[in-house]
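Take a look at the letters that make up each chain.
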Amino acid sequence: MSIPASSSAPAGHRSGFACFVGRPNAGKSTLTNALVGTKVAITSNRPQTTRHTVRGIVHRPEAQLVLVDTPGLHKPRTLLGQRLNDVVRATWAEVDAIGFCLPANEKVGPGDRFIAGELAQIRRTPKVAVVTKTDLAERDALAEQLIAVDRLGKEAGFEWAEIVPVSAVSGAQVELLADLLVPLLPEGPPLYPEGDLTDEPEQVMVAELIREAALEGVRDELPHSIAVVVEEMLPREDRPADRPLLDIHANLFIERPSQKGIVIGPKGARLKHVGSTARRQIEALLGTPVFLDLHVKVAKDWQRDPKQLRRLGF
Ligand SMILES: Nc1nc2c(ncn2[C@@H]2O[C@H](COP(=O)(O)OP(=O)(O)OP(=O)(O)O)[C@@H](O)[C@H]2O)c(=O)[nH]1
């Protein structure tokens, strides 16, 4: 990515982009959050919930590291799947460093070898192996995993710039990872104002929080069938300055009428819960009280229909 020229850059200051790749559930979003120190990427214990490219920004006196969080690469079965993979590859080609996340508590498998093979084709970009979730692995198992990860790079035909074990949950070595990524960035001035944590449009982040709440505890086949679009975010008029209220109107799209019952629940109980969970998260994110107006709509087979995909923001 291009760095805007500026004469005000402190000497030796570095800035640039890194992204985390890895199998679904490898811990990419949680790691992004741990590095940035606030909840910007959406985590979930379900695979493939990160759909939008969310940037987290790590500010240092001597560097600015912009993290681009991509969806997981996977075998595309639908149009949506193909689009997601395109997003991933486009991101890889643009960044200054790629962090490949591999959980310490899961054996290196075919999915990892697939990604390593794809990474090998992005020759110029330094690749850092990040062994995640070290709090879940015994010392010996971790040592074995580090060796397996080293071998994975060699078999794919490249050397890792670094191999770093981290735990986003305990915080172990998270700072070290940032320290190791910074020298891989080009010299240049900060790309974003200090204090910015993400440049993701607020509406997209709000939609992601609603989608995350809607996915909690539903059947495994539903994740890919839910999309959320925020139609409107407006401050309520006639409110005293010390008691503001933000009105948010959002639509939750499902693919089939039969999915409506799952999302809404008996007597609307589930949707109500989703709404209040999402509202609390949105209020924490935006720092203002929120009234969330949430509607469930059927957009038939939206994953296979290019027109619908565009309308839903893909
Ligand atoms: N114990 C432990 N759990 C972790 C750690 N990092 C992530 N997890 C858990 O692993 C699961 C997956 O983490 P995510 O960060 O959502 O994984 P992801 O790679 O972004 O997943 P996708 O969005 O599906 O690609 C979540 O349940 C996390 O809480 C860690 O350091 N330690």
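Residues numbered from 1 in each chain as written. Predicted model: local features only at pLDDT ≥ 70, side-chain atom pairs only at ≥ 80, totals over all residues.

## Here we look at the confidence of the model for the protein chain
Mean pLDDT for the protein chain: 82, with 78% of residues reaching 70 or above. Element-level pLDDT for the protein chain is lowest in helix α9 (residues 306–311), with a mean of 62, against a maximum mean of 98 in strand β5 (residues 127–132). Confidence drops under pLDDT 50 across residues 1–7; counting only partners more than four residues distant or on other chains, this segment forms 6 contacts. Between residues 41–52, whose pLDDT stays under 50, and residues either more than four places distant or in other chains, the model counts 38 contacts. Scoring of the predicted complex yields 0.64 for pTM and 0.98 for ipTM. (pLDDT = per-residue confidence, 0-100. Helix = DSSP H or I, 4+ residues; strand = E, 2+ residues; numbered from the N terminus. Contact = placed C-beta atoms within 7 Å.)

## Remarks on the environment of Val229
On the secondary structure map, Val229 appears in strand β7 (residues 227–235). For Val229, a count of 19 C-beta atoms within 10 Å corresponds to the partly exposed category. The spatial distance from the C-alpha of Val229 to the C-alpha of Asn251 is 5.4 Å, given a sequence separation of 22 residues. (Buried ≥ 20, exposed ≤ 12 C-beta atoms within 10 Å, placed from the backbone.)

## Description of the nonpolar core
Counting residues in hydrophobic clusters, the biggest one holds 41 residues, and the most contacted among them are Ala18, Cys19, Ile98, Phe100 and Val130. If near-sequence neighbours (up to four positions away) are discounted, Ala18 is found in contact with Leu65, Leu67, Val95, Asp96, Ala97, Ile98, Gly99 and Leu181. Formed by 21 residues, the second largest nonpolar core is a distinct cluster that contains Leu252, Phe253, Ile254 and Ile282. (Core = buried A, V, L, I, M, F, W, Y, C linked by C-beta atoms within 7 Å.)

## Description of the pairing of β5
Walk down a regular strand and you will see the side chains alternate between the two sheet faces. Extensive coverage of β5 is indicated by the burial of 6 of its 6 residues. Burial along β5 is two-sided: the face carrying Lys127, Ala129 and Val131 and the face carrying Val128, Val130 and Thr132 are both buried. Across 6 bridges, strand β4 (residues 97–103) lies against β5 in parallel orientation. Within β5, the residue paired with Leu102 across the bridge is Val131. Considered for its hand, the β-α-β crossover made up of β4, helix α3 (residues 110–120) and β5 is right-handed. In this structure, β5 lies alongside strand β6 (residues 162–165), joined through 4 bridges in parallel fashion. (Pairing = 2+ DSSP bridges. Right-handed = clockwise from strand over helix to strand, strands pointing away.)

## Looking at the sheet that holds strand β9 (residues 290–298)
Across the sheet, which stays open at both edges, the 3 strands sit in the order β7-β8-β9 with mixed pairing between neighbours. On the outer flanks of this sheet lie β7 and β9, each paired with one strand and no other. Taking each pair of neighbouring strands and ignoring which way they run, the sheet shows an average axis angle of 15°. For strand β8 (residues 246–254) and β9, the ladder comprises 9 bridges, and the chain directions are parallel. Opposite His249, over in β9, you have Asp293 as the bridge partner. Lying on the sheet, helix α6 (residues 202–215) is in contact with β7, β8 and β9; it crosses β7 at an angle near 130°. Packing against the sheet, helix α8 (residues 269–286) makes contact with β8 and β9, and its axis sits at approximately 135° to β9. (Axes fitted to C-alpha atoms, helices over the stretch in contact; angles between N-to-C directions.)

## Thoughts on the environment of Ala97
Looking at the secondary structure, you find Ala97 in strand β4. By the C-beta count within 10 Å, which is 22 here, Ala97 ends up buried. Sequence separation between Ala97 and Leu185 is 88 residues, and the spatial gap between their C-alpha atoms is 7.4 Å.

## Some remarks on unusual backbone geometry
Even without being glycine, Asn25 reaches a positive phi, approximately 75°. Positionally, Asn25 belongs in the loop between β1 (14–21) and α1 (28–36). One non-glycine residue with positive phi stands out, namely Asp238, at about 60°. Of note, Asp238 is situated in the loop between β7 and β8. Asp238 gets classed as exposed once you count the C-beta atoms within 10 Å, which come to 5.

## Observations concerning the packing of α3 against helix α4 (residues 139–156)
Viewed as axis vectors pointing N to C, α3 and α4 meet at an angle of 50°, and their least axial separation amounts to 9 Å. The angle between α3 and α4 falls in the class oblique. Judged by the sense of rotation from one axis to the other, the crossing of α3 with α4 is right-handed. Where α3 abuts α4, its residues Asp112, Arg113, Ala116, Gly117, Leu119 and Ala120 lie against Leu152, Gly153 and Ala156. Classifying every residue of the contact of α3 with α4 by side-chain character gives 5 nonpolar, 2 polar and 2 charged. (Parallel < 35°, antiparallel > 145°, perpendicular 65-115°, else oblique. Left-handed = near helix turned anticlockwise from the far one by under 90°. Nonpolar A, V, L, I, M, F, W, Y, C, P; charged D, E, K, R; others polar.)

## Considerations on the packing of α6 against α8
Their axes nearest at 8 Å, the elements α6 and α8 cross at an angle of 145°. Classified by chirality, the crossing of α8 by α6 is right-handed. Side by side, α6 and α8 meet where Glu202, Met205, Val206, Leu209, Ile210, Ala213 and Ala214 of the first sit next to Val274, Thr277, Ala278, Gln281, Ile282, Leu285 and Leu286 of the second. Tallied by class, the residues present in the contact of α6 with α8 amount to 11 nonpolar, 2 polar and 1 charged.

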